[in-house]
Amino acid sequence: MHELPRYKAASFNPECGSQPRLYIGPRNADYMANQYLSEILINGISSKLFMFMGPDTIWDTSRAPEGKHVIGVEEFSAPTRFFSVSRWQELRTEFEDAIIDQWRIYAPNMTRDNIIGCRVFTPYDIELRRPNMHQGSIAGGDMIISQMDRFRPTPELSNYRTPIKNFYLCSFAAHNGVGTGRGSSYNCYQMIADDFGLEK
């Protein structure tokens, strides 16, 4: 991006946009409960996106050229098996267009002119490159009580230490939850720092 989003909500909430993670989407709870998932599973994309934004360059400027920005956008998707390879190819373009169109509702400066480059990774792309991410899932394990939070991935491994001395577990399958951005690397480093007397 040439510039960060300028959210309309900043007019009454000046900090809007400066946080490391932001969800934006419809306020219609009925739509979210009854239509959102159905549209995704049937069409591959919902008519109203519920987007997770991560403008990582606000805390790490090395991720983009000076004055420019990288923003990760995440949206829930169907498993790979729901659509053909050709449909996933089509969905790349549909996702890109929908993200830009709906982002502009909240931040009018998020136009094509502001975008330097864009890459959409579908569940098909994810599973193709990382077979352990079954059906393109970023969860890396079941989302069941026995494998969540302090039990993730198992109670014996939830503190990032393994039975092998000085061998640690850190991934999207580790505590504290599903996904790749939940802080497992930070948490794992805390254990390593304790074990080796490193600065925290």
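Further up the page is the structure itself.
Residues numbered from 1 in each chain as written. Predicted model: local features only at pLDDT ≥ 70, side-chain atom pairs only at ≥ 80, totals over all residues. Heavy atoms only, no water.

Helix length check: helix α2 (residues 85–106) (22 residues) gives 32 Å between terminal C-alpha atoms against 32 Å at 1.5 Å per residue, within 8%. Those residues of α2 not exposed but buried are Arg87, Trp88, Leu91, Arg92, Phe95, Ala98, Ile99, Ile100, Gln102 and Trp103. For α2, the elements touching its buried residues are β1 (22–24), α1 (29–43), β2 (51–54), β3 (72–74) and α3 (123–129). (Helix = DSSP H or I, 4+ residues; strand = E, 2+ residues; numbered from the N terminus. Expected span 1.5 Å × (residues − 1). Buried < 20%, exposed > 50% of the residue type's maximum accessible area, 1.4 Å probe, protein only. Contact = heavy atoms within 4.5 Å.)

With respect to topology, three strands assemble into an open sheet ordered β1-β2-β3, the strand pairing being antiparallel. Of all strands in the sheet, those bounded by a partner on one side alone are β1 and β3. Looking at each pair of strands side by side, their axes are set apart by 25° on average, direction ignored. Of the pairings in the sheet, the one linking β1 to β2 comprises three bridges and is antiparallel in character. By the bridge assignment for β2, Ile24 is matched with Met51. (Pairing = 2+ DSSP bridges. Axes fitted to C-alpha atoms, helices over the stretch in contact; angles between N-to-C directions.)

For the rest of this paragraph, the subject is helix α4 (residues 184–196). In this model α4 runs 18 Å from its N-terminal to its C-terminal C-alpha over 13 residues, within 8% of the 18 Å that 1.5 Å per residue would give. Turning to α4, its buried residues number three or more, namely Ser184, Asn187, Cys188, Gln190, Met191 and Ala193. Looking at the residues trailing α4, positive phi occurs at Gly197, about 65°.

The next point concerns unusual backbone geometry. If a residue is not glycine, its phi is most likely negative; likewise, a peptide bond is most likely trans. Note the cis peptide between Arg152 and Pro153, where omega equals -5°. Checked against the element boundaries, Pro153 lands in the loop between α3 and α4. Of note in the backbone geometry, Tyr160 takes a positive phi value of approximately 75° without being a glycine. In this fold, Tyr160 is placed in the loop between α3 and α4. Relative accessible area serves as the criterion here: at 5%, Tyr160 is assigned to the buried category. The backbone of Asn166 shows a phi angle near 60°, a positive value even though the residue is not glycine. For Asn166, the location among the structural elements is in the loop between α3 and α4. The exposure class assigned to Asn166 is partly exposed, which follows from its relative accessible area of 45%.

We now examine the nonpolar core. Within the largest apolar cluster, 26 residues are counted, with the highest numbers of intra-cluster contacts made by Tyr7, Met51, Met53 and Trp103. Elements supplying a minimum of two residues to this core: β1, α1, β2 and α2. Tallying contributions element by element places α2 first for this core, with seven residues. One finds Tyr160, Tyr168, Ala174 and Cys188 within the second-largest nonpolar core, a separate group that totals five residues. (Core = buried A, V, L, I, M, F, W, Y, C linked by side-chain atoms within 4.5 Å.)

This part takes up the environment of Ser184. With respect to the secondary-structure elements, Ser184 resides in helix α4. Classification of Ser184 as buried rests on a relative accessible area of 10%. Along the backbone, Ser184 and Leu169 are 15 residues apart, and their C-alpha atoms lie at a distance of 9.1 Å. In contact with Ser184, other than residues within four places in its own chain, are Tyr160, Cys170, Ser171, Ala174 and His175.

This next bit is on the packing of aromatic side chains. Tallied over the full model, the rule gives four aromatic pairs. Residues Phe83 and Trp88 carry aromatic rings whose centres are separated by 5.4 Å and whose planes lie at 90° to one another, so their mutual orientation is edge-to-face. Site record: aromatic cluster; members linked through ring pairs are Tyr23, Phe50 and Phe52. Over the face of the ring belonging to Phe121 we find Arg119, whose NZ or CZ atom lies 4.6 Å from the ring centre. (Phe/Tyr/Trp six-rings, centres within 6.5 Å; stacked < 30°, edge-to-face > 60°. Lys NZ or Arg CZ within 6 Å of the ring centre and 35° of its normal.)

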